[in-house]
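Each chain is listed here by its residues.
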Protein chains: 4
Amino acid sequence: ENIGRLVIKCPDQPGIVASVSNFLLGFQANIIELSQYSLNPEGGTFFTRIEFECPDLKSKASEMKQEFRNIGEAFSMEWKFSDVSNIKRTAIFLSNEPHCLLELLWEWQSGDLITDIALVISNHEDSREIVESLNIPFYYIPANKDIRKEAEKRQLELLEEYKIDLVILARYMQILTPEFVAALPNRIINIHHSFLPAFIGAKPYERAFNRGVKLIGATSHYVTNDLDEGPIIEQGIERVNHRDNAEDLKKIGRSIERSVLARAVKWHLEDRVIVHENKTVIF
Amino acid sequence: ENIGRLVIKCPDQPGIVASVSNFLLGFQANIIELSQYSLNPEGGTFFTRIEFECPDLKSKASEMKQEFRNIGEAFSMEWKFSDVSNIKRTAIFLSNEPHCLLELLWEWQSGDLITDIALVISNHEDSREIVESLNIPFYYIPANKDIRKEAEKRQLELLEEYKIDLVILARYMQILTPEFVAALPNRIINIHHSFLPAFIGAKPYERAFNRGVKLIGATSHYVTNDLDEGPIIEQGIERVNHRDNAEDLKKIGRSIERSVLARAVKWHLEDRVIVHENKTVIF
Amino acid sequence: ENIGRLVIKCPDQPGIVASVSNFLLGFQANIIELSQYSLNPEGGTFFTRIEFECPDLKSKASEMKQEFRNIGEAFSMEWKFSDVSNIKRTAIFLSNEPHCLLELLWEWQSGDLITDIALVISNHEDSREIVESLNIPFYYIPANKDIRKEAEKRQLELLEEYKIDLVILARYMQILTPEFVAALPNRIINIHHSFLPAFIGAKPYERAFNRGVKLIGATSHYVTNDLDEGPIIEQGIERVNHRDNAEDLKKIGRSIERSVLARAVKWHLEDRVIVHENKTVIF
Amino acid sequence: ENIGRLVIKCPDQPGIVASVSNFLLGFQANIIELSQYSLNPEGGTFFTRIEFECPDLKSKASEMKQEFRNIGEAFSMEWKFSDVSNIKRTAIFLSNEPHCLLELLWEWQSGDLITDIALVISNHEDSREIVESLNIPFYYIPANKDIRKEAEKRQLELLEEYKIDLVILARYMQILTPEFVAALPNRIINIHHSFLPAFIGAKPYERAFNRGVKLIGATSHYVTNDLDEGPIIEQGIERVNHRDNAEDLKKIGRSIERSVLARAVKWHLEDRVIVHENKTVIF
């Protein structure tokens, strides 16, 4: 309802904020929230996220975008203009463990996660009932390393068919091919069940248990072609002790994974995350 | 050197950011960090903190201030312009427990607290040696409710003599009179040894112990005339358990008090705190 | 399966551990986990919780209890002997907000909460569907201050009928009468949506927002006749900031409430909580 | 004064607690705090830590130790009997960064760290003044990989001369030889400035910054011959964000290092740490 957002990344120089704010003023837009950050003021990179209220945004939006191109070019900006009333569409992928899916569904039902959950894709049938009971389409697509290509082909068709903006890997235990990742740059969010970069790869809780750590964690990040090496969006930890065995760590970890993934997804949906050189700026 | 700050509070309306950023651009200033927040976009209050780099700031500063008055009046702003190279001057008050003083001295020595600690005032002699060893003047001013007026008179004289910007009550266990508080509005920071508003007043750790709480806390706030009711700047907590007696809570609490007070002071010194209706905006 | 527990509280004196461990050895029981705590060694109170493995516990249990009476009398103990395979039976009460109920159901389904959820009672119909879908009886019992007596009468009948060991108030927004509380001493667990003793009573999030706190919390406690004054079992907090309005605090608070209540209930079910003088020992 | 401790590790079997508690009762000792843990009840390992009060402990101690040998042999125990009034003697090693030293000195001065700090050894002169001002001997022993053997020879002579029980590496940036480590098994505590096993080795804060983590940590562990791979005693973390550069991470990290090391040392001094298969049980 008349709320828009501008997210910008460009080489730093004087005058950026002035140009952008004059532009907004020209459309009678009032800035609600502005965050800005510069990496190294001299010769660095400038980042900003602006949320504004603009009367009749719907009718003005295309003109605004058109006109902003000049500013974008003048400052060599990467920029994104969005009308908040255009809800982002998400696809949730999971394997057999449902806790992250359930958390997302829950926050979505209670109005805390503003998105259209357009479909759920799983290589297990377990979650069909709960998903379909909420009138969300559920697709069972078997997947393993031998049939990866076919599985991803079907997945990508569905993502296109459903016009998906964001893929959420809610404990989807399959590796994605570079082709799949390239199709959705910085638009696939994963939850890894360790405090990265500790315990990259398989069985992190077992390895955490064997190492005798006193805190365990989870990490939500954008997926890149390097396993568990993509830009980190959010991390969380909980304290454990010698009484907790590997199974206990998994249980404790589930609750960290749930909340860390939900926060990361929420920030992405609110356009709060800007990726820069394999790191994230979170506004 | 050449870093300045503008901190602004005013009724919200379109055009504020544009005006301020045009003003800065006119002086060739480049915005380094800009934070903005609006309380209720329609008819609410607008807050911003802008840190900028401006060539020859020292020579331009008075002209900038002069010129900014027009913008300030046009938007009914409360505003503060500062040259970061003008280090703020602080006075630390304490009674007999030195842990908060020691933390502040430590962070100051390691360059984490950018201030001139101009003097230390105490109603106990205990800390004289450590303070004077750092070449900071130490004043012993006895204080209790019978001699409050005389004590405060002497304290205020010293604050004026040393041109103090900020008073830090680092476990100063005396109540201040309304006159004293009025002399330094939003410029006296206290650390209260509880998670306010729980355990307002005396002996919070004993009362926390008696209540059987599982977490204890500390609160740093600006001092007003209502005891422990001023705007909260920062709070922290630690977990405790049934094995911890009141004495243990005090020990655990000391480490919370140290870090909470240090953070609050740092934010104040960096002009990150704006007071509004007995609450704080922290940028 | 052959796991038993002894939970003991008595005046401290030498020989308690020796007597109890000799007793267990006499029945070929092996201690798995023993926690002990003494309040003030001289003339204080002794607390212990012992978990043991005992071959053929089922057939020996009544003889063990019989024999333990002598030790209990000799040391003036309050004690409880339990066979872990006798699962405790719980009743969940709630009003219209389902998040705490959902968390408990979830942890119960995933095997993290070892209890029989025998029934759910609510003064709203909202949760019927989700509860009945899990084959748990759901009772709608209207309640307000005018019909409190009738409502409680019906509730107590159901608790008796279903042989309930523990009542969980999972955001049940009705005050209980002293008669109801007296019927289940230290067997009613409530979740209060503030960091007690701050914000006792109604609308804690609104009051937290108005006070401008930087951390909000939730508290799980046994219910007594003094509102929100019962023995605290567990507390949790989350950080908030000036951008969070009262509605945001509620959302953030819901996730604290969920996890704090679930932990408190789990500890109670595992006999880890001993109440002493309106405080708790948690083993 | 009359407080003793027994710390025991042995193969699990029924009767251990009974034997030990009967033994203590035979000397009129009253158990103050008993913690027990069994790794895998059947065929696992049994751990206990017992703190007791015993009249005339000083005069009975050697007889008690003598007599306990029988129990120790019968159950194949590793055990340690200690009279709490025999304060442990510590040596603190550091290089140029003093924050961990200062924290330890501070907690020691305020009575929170019960130990005799017998000497401080550094390969830098910087901390001499502060150490000697507290009447603690300070030894400057240059160290680098070329003169490691000579340096360690001198260090070991001093440790013997001063009858040191525990060496604390308070940011001592030299690698120890296997000979040095072997001389003090599980009696050298290090603080590593990362959340292990992430960022083993040099420059962890730079690497954490480059990876873009959202939490940084510190880890205190016993030193073994595998760099940063010894049994972990304690870990802590703090949240960071994109505004924090590598230098900021170091500052934030210092406060984590201080508190994590202090807790680990305290637990060791109180005989709360038992090492088992490169992990720790903390009672």
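Since this is a predicted model, take the numbers as computed values, not measurements.

J.: Can you tell me about the overall build of chain A, naming the residues and giving the values?
T.: Across its full length, chain A carries 8 helices and 13 strands. Taking 19 Å as the expected radius of gyration for a compact globule of 283 residues, we find that chain A reaches 21 Å, a close match to that expectation. Within chain A, contacts between residues separated by at least 24 positions form 67% of all contacts whose residues are at least 6 apart in sequence. Summing over all exposed atoms, chain A offers an accessible surface of approximately 11,600 Å²; the carbon and sulfur share of this is 49%.

J.: How would you explain the sheet that holds strand 6 (residues 116–122) of chain A if you had to name every residue and give the values?
T.: All names here are of chain A. The mixed open sheet is built from 7 strands, whose spatial order is 7-6-5-8-9-10-11. Every other strand in the sheet has two partners, leaving strand 7 (138–140) and strand 11 (232–239) as the edge strands with one partner each. For this sheet the average axis-to-axis angle between neighbouring strands, irrespective of direction, equals 15 degrees. In this sheet, strand 7 lies alongside strand 6 in parallel orientation, the contact comprising 3 bridges. Paired with V120 across the two strands is F138, which belongs to strand 7.

J.: Which residues make up the nonpolar core, and what are the values?
T.: Grouped together as the largest cluster of nonpolar side chains are 79 residues, with contacts concentrated most on L104, L261 and V265 of chain A together with L104, L261 and V265 of chain D. Sequence-distant contacts of V265 of chain D, defined by excluding residues within four places in its chain, comprise L104, L113, L166, I168 and I189 of chain D. Among the nonpolar cores identified, the runner-up in size contains 78 residues, and I216, Y222 and I233 of chain B together with I232 of chain C belong to it.

J.: How would you summarise the packing of helix 3 (residues 99–109) of chain D against helix 8 (residues 246–269) of chain D if you had to cite specific residues and measurements?
T.: All names here are of chain D. Where helix 3 contacts helix 8, the two axes come as close as 9 Å, and the packing angle between them is 50 degrees. Between helix 3 and helix 8, the angle is such that the two are oblique. Handedness of the helix 3/helix 8 crossing: right-handed. Of the residues in helix 8, those touching helix 3 at H99, C100, E103, L104 and E107 are R254, E257, R258, L261, A262, V265 and K266. Along the lines of polarity and charge, the residues of the contact of helix 3 with helix 8 split into 5 nonpolar, 1 polar and 6 charged.

J.: Outline the relation of the copies chain B and chain C, listing residues and values.
T.: Superposition record for chain B on chain C: RMSD 0.0 Å, screw rotation 180 degrees, translation along axis 0.0 Å. This pairing of chains is accounted for by a two-fold axis. Nearest to the rotation axis, the C-alpha of A198 of chain B is located 2.2 Å from it, this being the minimum over chain B. Interface residue correspondence from chain B to chain C reaches 100%, placing this contact among same-surface, isologous pairings.

J.: Tell me about the interface of chain B and chain C, residues and numbers included.
T.: Taken together, the contact between chain B and chain C spans 33 residues of the former and 33 residues of the latter. Overall, the association of chain B and chain C removes approximately 2,800 Å² of surface from exposure, summing both partners, and the carbon and sulfur fraction of that is 54%. It is R211, K214 and H242 of chain B that lose the most area in chain B upon contact with chain C, and together they represent 25% of the buried surface on that side. Across the contact surface, chain B and chain C share 4 salt bridges. With a shortest N-O distance of 3.7 Å, R211 of chain C and E229 of chain B are connected by a salt bridge. Linking chain B with chain C are 23 residue pairs in polar contact (both at pLDDT 80 or more). With 7 residues, the top contributor of residues to the side of chain B that touches chain C is strand 11 (residues 232–239) of chain B. Residue composition of the side of chain B that touches chain C, by class: 15 nonpolar, 9 polar and 9 charged.

J.: Any chance you could break down the side chain of R49 of chain A for me, citing the residues and the numbers?
T.: All names here are of chain A. Relative to the helices and strands, R49 is located in strand 3 (residues 45–53). One polar contact links the side chain of R49 to the main-chain carbonyl oxygen of D271, over a distance of 3.2 Å. Setting aside residues up to four positions removed in sequence, R49 forms contacts with R5, L6, V7, E33, L34, S35, E270, D271, R272 and F283.

J.: Please set out the interface of chain A and chain D residue by residue, giving values where relevant.
T.: Taken together, the contacts link 33 residues of chain A with 33 residues of chain D. Summing both partners gives a buried area of about 2,800 Å² for chain A against chain D, and 55% of it is carried by carbon and sulfur. When the buried area of chain A at its contact with chain D is split by residue, R211, K214 and H242 of chain A rank highest and sum to 25% of it. For R239 of chain D, the salt bridge is made with E234 of chain A, and the minimal N-O distance between the two is 3.0 Å.

J.: Can you tell me about helix 1 (residues 16–26) of chain C, naming the residues and giving the values?
T.: Listed in full, the buried residues belonging to helix 1 of chain C are I16, V17, A18, V20, S21, F23 and L24 of chain C. Packing partners of the buried residues in helix 1 of chain C comprise strand 1 (3–11), strand 2 (30–39), strand 3 (45–53) and helix 2 (57–74) of chain C together with helix 1 (16–26) and strand 2 (30–39) of chain D. Positive phi shows up at Q28 of chain C, right after helix 1 of chain C, with a value of about 60 degrees.

J.: Lay out the relation of the copies chain A and chain D with the relevant residues and their values.
T.: Note on the identical chains: chain A maps onto chain D by a rotation of 180 degrees and an axial translation of 0.0 Å, with an RMSD of 0.0 Å. Of all interface residues in chain A, 100% are interface residues in chain D too; the two copies therefore contact each other through one and the same surface.

J.: For the state of the cysteines, give the residues involved together with the corresponding values.
T.: Tallied over the entire structure, the rule returns 0 disulfides over all chains. Unpaired in this structure, C100 of chain A has its nearest cysteine sulfur neighbour in C100 of chain C, at a distance of 20 Å. Using a relative accessible area of 1% as the deciding quantity, one classes C100 of chain A as buried. Here C54 of chain C stays unpaired: no disulfide links it, and the sulfur of C10 of chain D, its closest cysteine neighbor, is 20 Å away. We classify C54 of chain C as buried; its relative accessible area is 0%.

J.: Give me the packing of aromatic side chains: which residues, what numbers.
T.: In the structure shown here, the tally under the stated rule is 36 aromatic pairs over all chains. Plain terms: the ring middles of F23 of chain A and F27 of chain A are 5.2 Å apart, the flat faces sit at 55 degrees to each other, and that makes the pair tilted. One exposure class covers both F23 of chain A and F27 of chain A, and it is buried. An angle of 70 degrees between the planes, with centres 4.9 Å apart, marks the rings of F68 of chain D and W79 of chain D as edge-to-face. In this pair, F68 of chain D sits in helix 2 (residues 57–74) while W79 of chain D sits in strand 4 (residues 78–83), placing the two residues 11 residues apart along the sequence.

J.: Residue-level account of the pattern of salt bridges, with values.
T.: All names here are of chain B. Tallied over the full model, the rule gives 108 salt bridges over all chains. Taking the shortest distance from any N to any O, the salt bridge between E157 and K153 comes out at 3.3 Å. A residue pair is termed a helical-turn pair when its members lie 3 or 4 positions apart in one helix, as E157 and K153 do in helix 5 (residues 148–161) at 4 residues. Judged by relative accessible area, which is 36%, E157 ranks as partly exposed. For K153, a relative accessible area of 55% translates into the label exposed.

J.: Provide a residue-level description of the sheet that holds strand 11 of chain B, including the pertinent values.
T.: Residues and elements named next belong to chain B. One open sheet holds the 7 strands; their spatial order is 7-6-5-8-9-10-11, and the pairing between them is mixed. Only two strands of the sheet have a single neighbouring strand rather than two, namely strand 7 (138–140) and strand 11. Pairs of neighbouring strands in the sheet enclose a mean axial angle of 15 degrees, with direction left out of account.

J.: Tell me about the domain arrangement of chain A, and please be specific about residues and values.
T.: Residue and element names in this part refer to chain A. The domains assigned to chain A are domain 1 (3–83) and domain 2 (89–282). Look at where the C-alpha atoms of domain 1 and domain 2 centre, and you get two points 31 Å apart. In this assembly, 13 residues from domain 1 lie in contact with 8 residues from domain 2. For the pairing of domain 1 and domain 2, the buried interface totals around 860 Å² over both sides, and the portion due to carbon and sulfur atoms is 52%. Contact with domain 2 buries surface across domain 1, with K9, F47 and R49 losing the most and accounting together for 45% of the total. Counting across the domain 1 and domain 2 interface gives 3 salt bridges. Summed over the shared surface of domain 1 and domain 2, the result is 8 residue pairs in polar contact (both at pLDDT 80 or more). Those elements that provide at least two residues to the side of domain 1 that touches domain 2 are strand 1 (3–11), strand 2 (30–39), strand 3 and strand 4 (78–83). Looking at the side of domain 1 that touches domain 2 residue by residue, the class counts come to 5 nonpolar, 3 polar and 5 charged.

Procedures and definitions
Residue positions are given per chain, counted from 1 along the sequence in the order it is written. Going through the entries in the order they are written, you letter the chains from A and number the ligands from 1. Since the coordinates come from a predicted model, pLDDT governs what is reported: local features require at least 70, and pairs of side-chain atoms require 80 or more to be given and counted, while whole-chain, interface and lining totals use all residues. Excluded from the side-chain calculation are hydrogens and water; included are all heavy atoms of the structure. Per the convention used, a helix needs a DSSP run of H or I reaching at least four residues, while a strand needs a run of E reaching at least two, with both numbered from the N terminus. Our radius of gyration looks at C-alpha atoms and nothing else; its globule reference is 2.2 Å times the residue count to the power 0.38. By definition in these notes, contact holds between two residues if any of their heavy atoms fall within 4.5 Å. Surface accessibility in these figures is a Shrake-Rupley result with a 1.4 Å probe; residues are shielded only by whichever protein chains are displayed. Paired strands are those between which DSSP finds at least two bridges. For helices, the fitted axis covers only the stretch in contact; all axes are lines through C-alpha atoms, and the angles between them, taken along N-to-C directions, range from 0 to 180 degrees. To form a nonpolar core, buried Ala, Val, Leu, Ile, Met, Phe, Trp, Tyr and Cys residues must be joined to one another through side-chain atoms within 4.5 Å. Only protein chains enter the accessibility calculation, which uses a 1.4 Å probe; a residue is then buried when its area is under 20% of its type maximum, exposed when over 50%, and partly exposed in between. Working rule for angles: under 35 degrees goes down as roughly parallel, over 145 as roughly antiparallel, 65 to 115 as roughly perpendicular, anything else as oblique. When the near helix sits turned anticlockwise from the far one by under a right angle, the crossing is termed left-handed; a clockwise turn instead gives a right-handed crossing. Polar here means any residue other than Ala, Val, Leu, Ile, Met, Phe, Trp, Tyr, Cys and Pro, which are nonpolar, and Asp, Glu, Lys and Arg, which are charged; Gly is therefore polar. For the least-squares superposition of copies, only C-alpha atoms count, and only for residues with pLDDT at least 70 in both. Once two parts are brought into contact, the accessible area they lose, counted with a 1.4 Å probe and summed over both, makes up the buried area. When a carboxyl oxygen of Asp or Glu lies within 4 Å of a side-chain nitrogen of Lys or Arg, that pair is called a salt bridge. Whenever two N or O atoms come within 3.5 Å, that pair is a polar contact, provided that in protein one can donate a hydrogen and the other can accept it, and provided that, for residues adjacent in sequence, both atoms are side-chain atoms. Cysteine sulfur atoms are paired as a disulfide whenever they fall within 2.5 Å. Two rings from Phe, Tyr or Trp (for Trp, the six-membered ring) form a pair when their centres are within 6.5 Å of each other. A pair whose planes differ by under 30 degrees is stacked, one over 60 is edge-to-face, and the rest are tilted. Note that the domain bounds reflect an automated or database-derived domain assignment.

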